[in-house]
Amino acid sequence: MLKKTCFILLGMVFFFVPWLWSPSRDWAPGIAVFAGIIFAVSWGNPFSKYTSKITSPMLGATIVGMGCGMDLVKVLHAGASGFVYTLLGIVAGISLGMLCGKLLKLPKNAALLVSVGTSICGGSAIAAAAPALKAKAHEIAVASATVFALNAVALLIFPVIGRELGFSDRQFGYWAALAIHDTSSVVGACFQYGNEALEVGTVVKLARALWIVPVTLFISWFIADREAGEERKFKLNIPWFIPGFLIAAALVTWLPQLRGCGTFIKELSKYLMIVTLFLIGSNLNREKLKELGLRPVLHGIILWLILGACWCTAIAAGWINAAV
């Protein structure tokens, strides 16, 4: 009972403190995910059966909620401007990931799952690609845990690095959207950086997530192993929060009377996101840590560092037009 009470109270702290005390908003997302990890590893998550199921819909709901405060025209402009960058990043990420996997002598499916998760959108991409590859449960678990662990690190260090490099909000939004795996960590990192970073990062990241569909189709038809006579199958799977985000932005853009309510929902979603990050952190338990073999983790770290450094260099050098 004590453990459950402490867990609930801690979740409430991460909602109300940033809402009521503005100075805490810069560091609350990073502290939330870190606190969730520490709680789960040291004491155990008392609601693990539930948090593992609700974090994904909670994340989607907060993203849709943030769409309630954004202009759809600006959203589409930012998404279109990031199209080429996301395409280049995905091609480079998967190619480099498969090469690195061969050098580390990883099984093809394990290397591809980490590569897809790193290049597109973390756990969502892994979940979409796994059926096409007929990946085994332990391969999915290891890839997901590797990507998740790196997401937690990115959430903590990206804002610090961005400020040290003097990135503007737009520059940081692009860097986070292109270099961090999961949407939740992109939003969490950008939330710490600034409002414009949050808007740019969310939009570009969602545009990047749309590549789940063509990439999964490509994997299904050209990469996945199949038995003799077996037909290629593909299941269209677009994360529901992407059309939800666009619909929410469209409503407040073309119905001005909804903008006041939309702004409130957007602000509320920011604090719900912090609670979601705490719950996401609490899903990393001791068993998942034991599943992380050295080679898959090394593969994920190498791929993530190379891609993150390349995007950072390109933005700092002005090769990516993110400063306007």
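Calculation notes
- Residues numbered from 1 in each chain as written.
- Predicted model: local features only at pLDDT ≥ 70, side-chain atom pairs only at ≥ 80, totals over all residues.
- Heavy atoms only, no water.
- Helix = DSSP H or I, 4+ residues; strand = E, 2+ residues; numbered from the N terminus.
- Expected span 1.5 Å × (residues − 1).
- Buried < 20%, exposed > 50% of the residue type's maximum accessible area, 1.4 Å probe, protein only.
- Axes fitted to C-alpha atoms, helices over the stretch in contact; angles between N-to-C directions.
- Parallel < 35°, antiparallel > 145°, perpendicular 65-115°, else oblique.
- Left-handed = near helix turned anticlockwise from the far one by under 90°.
- Contact = heavy atoms within 4.5 Å.
- Nonpolar A, V, L, I, M, F, W, Y, C, P; charged D, E, K, R; others polar.
- Core = buried A, V, L, I, M, F, W, Y, C linked by side-chain atoms within 4.5 Å.
- Polar contact = N/O pair within 3.5 Å; in protein donor to acceptor, adjacent residues only side chain to side chain.

As for helix α5 (residues 83-103)
The end-to-end C-alpha distance of α5 is 30 Å, a good match for the 30 Å that 21 residues give at a rise of 1.5 Å each. For α5, the set of buried residues is Tyr85, Thr86, Gly89, Ile90, Gly93, Ile94, Gly97, Met98, Cys100 and Gly101. Following α5 by one or two positions, Lys105 has its phi on the positive side, about 60 degrees.

Overview of the packing of helix α9 (residues 169-179) against helix α16 (residues 294-316)
Put simply, α9 and α16 touch, their axes get as near as 9 Å, and they point 155 degrees apart. By the angle between their axes, α9 is roughly antiparallel relative to α16. Once α9 is placed against α16, the crossing between them reads as right-handed. Contacts between α9 and α16 pair Gln171, Tyr174, Trp175, Leu178 and Ala179 from the former with Trp304, Gly308, Trp311, Cys312 and Ile315 from the latter. When grouped by side-chain class, the residues that make up the contact of α9 with α16 number eight nonpolar, two polar and no charged.

Thoughts on the nonpolar core
Ile120, Phe172 and Trp175 are the most contacted members of the largest nonpolar core, which has 89 residues in total. Not counting residues up to four positions away in its chain, the partners in contact with Trp175 are Phe158, Ile161, Gly162, Phe167, Ile180, Gly308, Trp311, Cys312 and Ile315.

Overview of the side chain of Lys266
By secondary structure assignment, the location of Lys266 is in helix α14 (residues 259-282). Residue classification places Lys266 among the buried residues on the basis of a relative accessible area of 8%. A polar contact of 2.8 Å, which involves the side chain of Lys266, links it to the side chain of Glu199. Once residues lying within four places of it in the same chain are set aside, the contact partners of Lys266 are Gly65, Met66, Gly69 and Glu199.

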